[in-house]
Amino acid sequence: ALTEAPADLKGLRIGVPRGLFWENLDADTAKIAEDTLKALAKAGVVLVEADIPDVGALDNAAGFPIALYETIVDLNAYLSGHNTGLDFAKVVAQVASPDVKGILSSLLGDMAVPEPAYREALTVHRPKLQKAYADHFAGQRVEAIIFPTTPLPAAKIGEDETTMLNGAAVPTFPTFIRNTGPGSVAGIPGLSVPAGLTPAGLPVGMEFDAPAGTDRRLLAIGRALEPILPKLPPPRLD
């Protein structure tokens, strides 16, 4: 059970990194995000506008080389350890989602991540990403940063390869993980909270990422934020 008492929001410093995380947002998402900032400010939160230098480039350099290389190694080890009779290739053959199957299938061919590229991502680029976050939290004296969890509301079933964002077709998977990817690769705690519904009834979340090792403090901040954010209705069944 969660035992952390809600944090005191008055004077709490929260960073707003506009670069990357707040760029090219769906209009409905952007409105809910800005309304969330207004609610935080009204509650006494100090919003600190400052970008995290090179966070997108560092995430690109570290994220996929690590994730895709380890996918084969770890999944094969898991399948073998549990005597499933399956291996990575046999699992990929049964994947139904076109975009996921495309990514995983590519790892079996010439596009597989070479081990030297993986090692460089793991030992060079990821530490740089972690340092960028640590320097930002310390330098700006913020206990967390806030941004829309995804740049747009949920896509329709069938929009596996591309979806529309502000009148342009964008790749579905990379677009939806754009904001959550960097913190995940860096290994820092993140908390997504419901922030509102679009006119079409789709939920929008706001994420708070915090320094490494401050998981409980982040949960305490989340508990304090819950009462000041809109209470979303249960999912519709139609």
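Since this is a predicted model, take the numbers as computed values, not measurements. For every chain, the first residue of the written sequence is number 1, and numbering continues from 1 onward in sequence order. Local features in this predicted model are restricted to residues whose pLDDT is 70 or higher, and side-chain atom pairs enter the listing and the counts only when it is 80 or higher, whereas totals over whole chains, interfaces and linings include all residues. Excluded from the side-chain calculations are hydrogens and water; all other atoms, namely the structure's heavy atoms, are used.

K.L.:
Any chance you could explain the side chain of Thr149 here in plain terms?
P.N.:
Helix numbering and strand numbering both begin at the N terminus, where a helix is a DSSP run of H or I of at least 4 residues and a strand a DSSP run of E of at least 2. Among the structural elements, Thr149 can be located in the loop between strand 3 (144-148) and strand 4 (162-165). Taking relative accessible area as the criterion, Thr149 reaches 13% and is therefore assigned buried. Any pair of residues with heavy atoms lying within 4.5 Å of one another is described as a contacting pair. Apart from residues no more than four positions distant in its own chain, Thr149 is found in contact with Phe176, Asn179, Thr180, Ser192, Gly205, Met206 and Glu207. Think of it in three bands: with a 1.4 Å probe and only protein chains considered, a residue is buried below 20% of the maximum accessible area for its type, exposed above 50%, and partly exposed in between.

K.L.:
Looking at this model, I keep getting lost on unusual backbone geometry. Mind explaining?
P.N.:
With glycine set apart, most residues show a phi of negative sign, and most peptide bonds adopt trans. With a phi angle near 50 degrees, Asn24 is a residue other than glycine that sits in the positive phi range. Note on placement: Asn24 falls in the loop between strand 1 (13-16) and helix 1 (27-42). Note on Asn24: relative accessible area 42%, which makes it partly exposed. Positive phi, normally seen in glycine, also occurs at Asn166, with a value near 55 degrees. Structurally, Asn166 is set in the loop between strand 4 and strand 5 (168-171).

K.L.:
Help me understand the nonpolar core in this model?
P.N.:
Note that soluble globular proteins tend to have their nonpolar side chains buried in a common cluster. Counting 54 residues, the largest nonpolar core has Phe21, Trp22, Tyr133, Ile146 and Phe208 as its most contacted members. With residues up to four places along the chain from it excluded, the contact list for Phe21 reads Ile52, Val55, Tyr133, Phe147, Pro148, Arg178, Asn179 and Pro182. The definition of a nonpolar core used throughout is a set of buried Ala, Val, Leu, Ile, Met, Phe, Trp, Tyr and Cys residues joined through side-chain atoms within 4.5 Å.

K.L.:
I keep staring at the layout of surface pockets and nothing clicks. Help me out?
P.N.:
Remark: the empty space left among the atoms is shown by a probe the size of a water molecule rolled over them. Here the term cavity refers to a set of points on a 1 Å grid, laid over the protein atoms alone, in which a 1.4 Å probe fits but cannot get out; the term pocket refers to an open set having protein on both sides within 12 Å along at least five of seven lines, with lining residues being those that place an atom within 4 Å of a point. Grid points are joined across faces, edges and corners, and a volume is the space filled by probe spheres set on the points. Space inside the largest pocket adds up to approximately 530 Å³. Along its surface, the largest pocket is lined by 24 residues, and Gly63, Phe64, Ala67, Phe173 and Ile177 are the ones closest to its centre. Looking at the lining of the largest pocket, the elements that each hand over two or more residues are helix 2 (55-81), helix 4 (98-106), helix 5 (115-140), helix 6 (172-176) and helix 7 (181-186). Top contributing element to the lining of the largest pocket by residue count: helix 2, with nine residues. Residue classes follow a fixed rule: Ala, Val, Leu, Ile, Met, Phe, Trp, Tyr, Cys and Pro count as nonpolar, while Asp, Glu, Lys and Arg count as charged, and any other residue, Gly among them, counts as polar. Across the lining of the largest pocket, the residue classes tally to 13 nonpolar, seven polar and four charged.

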